[in-house]
Amino acid sequence: MNNASINERVSALRQRMAEVGVDAYFVATDDFHGSEYVGDFFKCREFITGFTGSAGEALILKDAAYLWTDGRYFIQAERELKGSPFVLMRSGTPGVLSVTEMVAGVLQQGQTLAFDGRTVTESRSRLFKKALEKSGVCLRTDVDLVGEVWPDRPAMSCEKLWFLEEEWCGQSRAEKLERVRRCMKEKGAQALVMASLDDIAWTLNIRGNDIACNPVVLSYLILEEEKATLFVQEDAVAGNAADMLNGNAGSRMKELEIESGSDRGCIPARNETEQGEQRNAETARERLGRDGVEIRPYGEIGAALRQLKAGRVWLDPGSVSSFLFSQLPESAERLEEENPTRLMKAVKNETEVEHMRQAHIRDGVAVTKFIYWLKTHVGKEEITEISAAEKLEEFRSQGENYLGPSFDTIAGYAEHGAIVHYSATPETDAALKAEHMLLVDSGGQYLEGTTDITRTIVLGPINRKEKEYFTRVLRGTLKLAAAVFAEGCSGVNFDYLARGPLWEIGEDFRHGTGHGIGYCLNVHEGPNSFHFRAGVRKDCLTVFQPGMITSDEPGYYCEGEFGIRHENLIVCVKDQKTEYGQFLRFEHLTMVPFDLEGIDPALMSERERQLLNDYHAQVYEKIGPYLEEEERAWLREATAGI
């Protein structure tokens, strides 16, 4: 992006700030729902700063501007902010002030801090209020100043919602609504207000295409004892349910038109049943209405909250905006806890887990074919980071029930691999040679679930240093996946297993070791995670339960040289039960070989080598039958014991 235009945008924003009496303006990354990834309409922080990462916060003052982001994006942000007015603030590093500390330190009595309260959660808003309560600084939450200086702002997305049938997700909408209402009754809540899009999608078995790669619908949900109200844009539910089957609407996630009845993305036989014909004949309103779900316009959520008669209302301050909190009647008692659906959807049922295994076989076949193709073509034809990612998408798109990517593929060659969330552009698109390494982090959305995998692929000769770190990171991946533990452990208990091989030599990586993952939903899903910083990442204190699916992805990044990450998804399952209680363990879902050419076996213990050999035996057994003869012969060598 041309940072001269960023300077012009900041100047226009400052002029508008002066006109309305605002001394500091805060810009979050979130949409109206606290989403991690947002649609184009909501990319205000990207518009005003030029920084394209998925995490960050901006603060614009009269004579200074700052951008905060985490360790995944330090290198990327430094490059993208060059020549702009923004100073990079490296969150989590010693001596770096937080946004709230900054505003408390620079603003004086009588001055005003402002932000769009629709895009800032209530919990975040309270941090600002607490920081400013003794300084006499005014706080405004009713202005969208970036929107006012964004002349060609994209329209808000409004794609048709579609239904994820019970055969895929294992539980009906009515059953889920009943589960949530039981939790409400236990807490004495007469109403539950949900704004987080994946919670709403899970609860109602609906999916959509309003955020790229995240199959969610822009919506709000108010659940009461006798009814549920879904607030959604009218065009999202226009037409009959035949237009909203999972295969057809889901394909829009990757901007491919798949006609009704195609082999990929839908099961035509389903429409031949009497039940299928009934579903197709109904409108979305009728289908949802059968389970007591009323549809109202998206923009009426504020009025509905103001008119809510419930005595005790359950809201999660971490996912509901400060604007929505402000709309509740003063008479309403607020129960402030995270949505009960957050843990429910994290614990996958037997149907979901079995389907996730199937999705990973299909995904494993695609990624394995890609690695074989890459190793046999690099140096013989022109391949770049972008064309390699496109080739991987081509392999995935050949799989049954594939809907599209679960996030934008990260393909970083050589030194680009050190940029944790690197995204190649036409200007940075590196040509691949038969040397160095390519880090590929990618995933897919299937009717059978969501995948996320990273492989670091050796394209030619690598040096001793690269092999050492490749092996140390792999040791961490294997050790974490092999954990056997007593019931009651959380992510903070396991993180050392993954980081230990790096900590032994005083090295580390600046991101979490693992995150939960949705079922045909968001690729990042709480509350289960792996991280050692319990004071920063509260999710890592969540107790693991059978059915939780989590990524296992340690890494190492040497700026200007190379990056390495190895990622598998693992599912928590029951192990033996003894006099000391129930024990649990992890099981690999991802089935793709690790590159033997990057490994120094001398750096691995006998147990670690056996863990790798056992895993590779599974990969060959499960993936081999779906490959062509030459590919299968290559996989046999790629999974040979060491």
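Heads up: the structure comes first, above all this text.
What you see is a predicted model; the values in this text were computed from it and never measured.

(A) Seen up close, the packing of helix α20 (residues 606-623) against helix α21 (residues 629-638). α21 packs onto α20 with a crossing angle of 170 degrees between their chain directions and a minimal axis gap of 9 Å. The pairing of α20 with α21 is recorded here as roughly antiparallel in orientation. Our pair here, α20 against α21, has a crossing hand that is left-handed. Where α20 approaches α21, its residues His616, Val619, Tyr620 and Ile623 are matched on the opposing element by Arg632, Leu635, Arg636 and Ala638.

(B) Representation of the nonpolar core in the model. Counting 59 residues, the largest nonpolar core has Phe370, Leu374, Leu432, Leu438, Leu459 and Ile623 as the members making the most contacts within it. Of the residues forming this core, the biggest block, nine residues, is contributed by helix α16 (residues 350-377). Here leucine 374 is in contact with Ile383, Leu432, Leu438, Ile457 and Leu459, once residues within four sequence places are set aside. Phe41, Ala228, Ala310 and Leu324 belong to the second largest nonpolar core, which has 56 residues in total.

(C) Representation of the pairing of strand β16 (residues 410-413) in the model. A two-sided burial pattern is seen for β16, the buried positions comprising Ile410 and Gly412 on one face and Ala411 and Tyr413 on the other. Examined bridge by bridge, β16 and strand β17 (residues 437-442) share four bridges and lie antiparallel to one another. The residue of β17 that forms the bridge with alanine 411 is valine 440.

(D) How the structure looks around the packing of helix α4 (residues 99-106) against helix α5 (residues 122-132). Relative orientation of the contacting elements α4 and α5 amounts to 30 degrees, with a least axis distance of 9 Å. As judged from the angle between their axes, α4 and α5 are roughly parallel. At the point where α4 passes α5, the crossing takes the right-handed sense. Between α4, through Val99, Thr100, Val103 and Ala104, and α5, the contact on the second element is made entirely by Arg124, Leu127, Phe128, Ala131 and Leu132. Within the contact of α4 with α5, the residues separate by chemical class into seven nonpolar, one polar and one charged.

(E) Looking closely at empty space enclosed by the protein. Within the structure shown, the criterion is met by four cavities of 30 Å³ or more. In this structure, the largest cavity encloses a volume near 120 Å³. Contributing to the lining of the largest cavity are 13 residues, with Val27, Cys44, Asp116, Thr119 and Asp144 lying nearest its centre. Looking at which element gives the most residues to the lining of the largest cavity, the answer is strand β1 (residues 24-27), with three residues. The residue makeup of the lining of the largest cavity, split by class, is eight nonpolar, one polar and four charged.

(F) Geometry of the sheet that holds strand β15 (residues 402-405). Taken together, the three strands give an open sheet; going across it, the order is β15-β18-β19, and neighbouring strands pair in antiparallel fashion. On the outer flanks of this sheet lie β15 and β19 (449-450), each paired with one strand and no other. Two strands pair when backbone bridges link them, and β15 and strand β18 (residues 444-446) are joined in this way by three bridges, in the antiparallel orientation. Of the residues in β18, the one forming a bridge with glycine 404 is glutamine 445. Docked against the sheet, helix α17 (residues 385-397) engages β15 and β18, running at close to 165 degrees with respect to β15.

(G) Examining the sheet that holds strand β8 (residues 191-194) more closely. Strand order across the open sheet formed by six strands is β12-β11-β10-β8-β13-β14, with mixed pairing between neighbours. A single partner strand is all that each edge strand has here, and the edge strands are β12 (293-297) and β14 (333-336). Shown here is a sheet whose adjacent strand axes are inclined to one another by a mean of 20 degrees, direction ignored. Pairing of β8 with strand β13 (residues 312-315), which is carried by two bridges, proceeds in the parallel orientation. Bridge pairing links leucine 192 to tryptophan 314 in β13. Against the sheet, helix α8 (residues 173-187) contacts β8, β10 (219-224), β11 (228-232), β12, β13 and β14, and its axis sits at roughly 60 degrees relative to β10.

(H) Geometry of α20. Here α20 is 18 residues long and its end C-alpha atoms lie 26 Å apart, about the 26 Å a rise of 1.5 Å per residue gives. If you check which residues of α20 are buried, you get Glu608, Leu612, Asn613, Tyr615, His616, Val619 and Ile623. Projected down its long axis, α20 carries its buried residues within an arc of 165 degrees, all on one side. Exposed positions of α20 whose direction lies more than 90 degrees from the buried face are Glu606 and Glu621.

(I) α8, seen in detail. Compared with an ideal rise of 1.5 Å per residue, which puts 15 residues at 21 Å, α8 spans 21 Å between its outermost C-alpha atoms and is within 8% of the ideal. Turning to α8, its buried residues are Arg173, Lys176, Leu177, Val180, Arg181 and Met184. Down the axis of α8, the sector holding all buried residues measures 135 degrees, keeping them to one side. α8 presents Lys185 and Glu186 as exposed residues on the side facing more than 90 degrees away from its buried surface. A positive backbone phi angle near 70 degrees is found at glycine 188, which sits one or two residues after α8.

(J) Structural view of the environment of glutamate 352. Along the chain, glutamate 352 turns up in helix α16. Classification of glutamate 352 as buried rests on a relative accessible area of 4%. Sequence separation between glutamate 352 and cysteine 169 is 183 residues; the distance between their C-alpha atoms is 5.6 Å. For glutamate 352, the residues in contact, after removing those within four places along its chain, are Trp168, Cys169, Trp202, Val347, Glu448 and Tyr519.

(K) Quick look at the pairing of β13. Looking at chain direction, β13 and β14 are connected through four bridges and run parallel. Among the inter-strand pairings, leucine 315 is bridged to a residue of β14, identified as glutamate 336. Between the parallel pair β13 and β14, the chain is carried across by helix α14 (residues 322-327), and the sense of this crossover is right-handed.

(L) Structural detail: the side chain of asparagine 339. Checked against the element boundaries, asparagine 339 lands in the loop between β14 and α15 (340-346). Sequence-distant contacts of asparagine 339, that is, excluding residues within four places in its chain, are made with Leu192, Val193, Met194, Ser196, Asp199, Asp316 and Ser319.

(M) Just unusual backbone geometry, in detail. Glycine 526 connects to proline 527 through a cis peptide bond whose omega is 5 degrees. Topologically, proline 527 is positioned in strand β23 (residues 525-530). The phi angle at histidine 436 is positive, at roughly 65 degrees, despite the residue not being glycine. With respect to the helices, strands and loops of the structure, histidine 436 is situated in the loop between β16 and β17. Looking at histidine 436, the relative accessible area reads 32%, which means it is partly exposed.

Calculation notes
Residues numbered from 1 in each chain as written. Predicted model: local features only at pLDDT ≥ 70, side-chain atom pairs only at ≥ 80, totals over all residues. Heavy atoms only, no water. Axes fitted to C-alpha atoms, helices over the stretch in contact; angles between N-to-C directions. Helix = DSSP H or I, 4+ residues; strand = E, 2+ residues; numbered from the N terminus. Parallel < 35°, antiparallel > 145°, perpendicular 65-115°, else oblique. Left-handed = near helix turned anticlockwise from the far one by under 90°. Contact = heavy atoms within 4.5 Å. Core = buried A, V, L, I, M, F, W, Y, C linked by side-chain atoms within 4.5 Å. Buried < 20%, exposed > 50% of the residue type's maximum accessible area, 1.4 Å probe, protein only. Pairing = 2+ DSSP bridges. Nonpolar A, V, L, I, M, F, W, Y, C, P; charged D, E, K, R; others polar. 1 Å grid on protein atoms, 1.4 Å probe; cavity = no way out; pocket = protein on both sides within 12 Å on 5 of 7 lines; lining within 4 Å. Points joined across faces, edges and corners; volume = space filled by probe spheres on them. Expected span 1.5 Å × (residues − 1). Arc of directions from axis to C-beta. Right-handed = clockwise from strand over helix to strand, strands pointing away.

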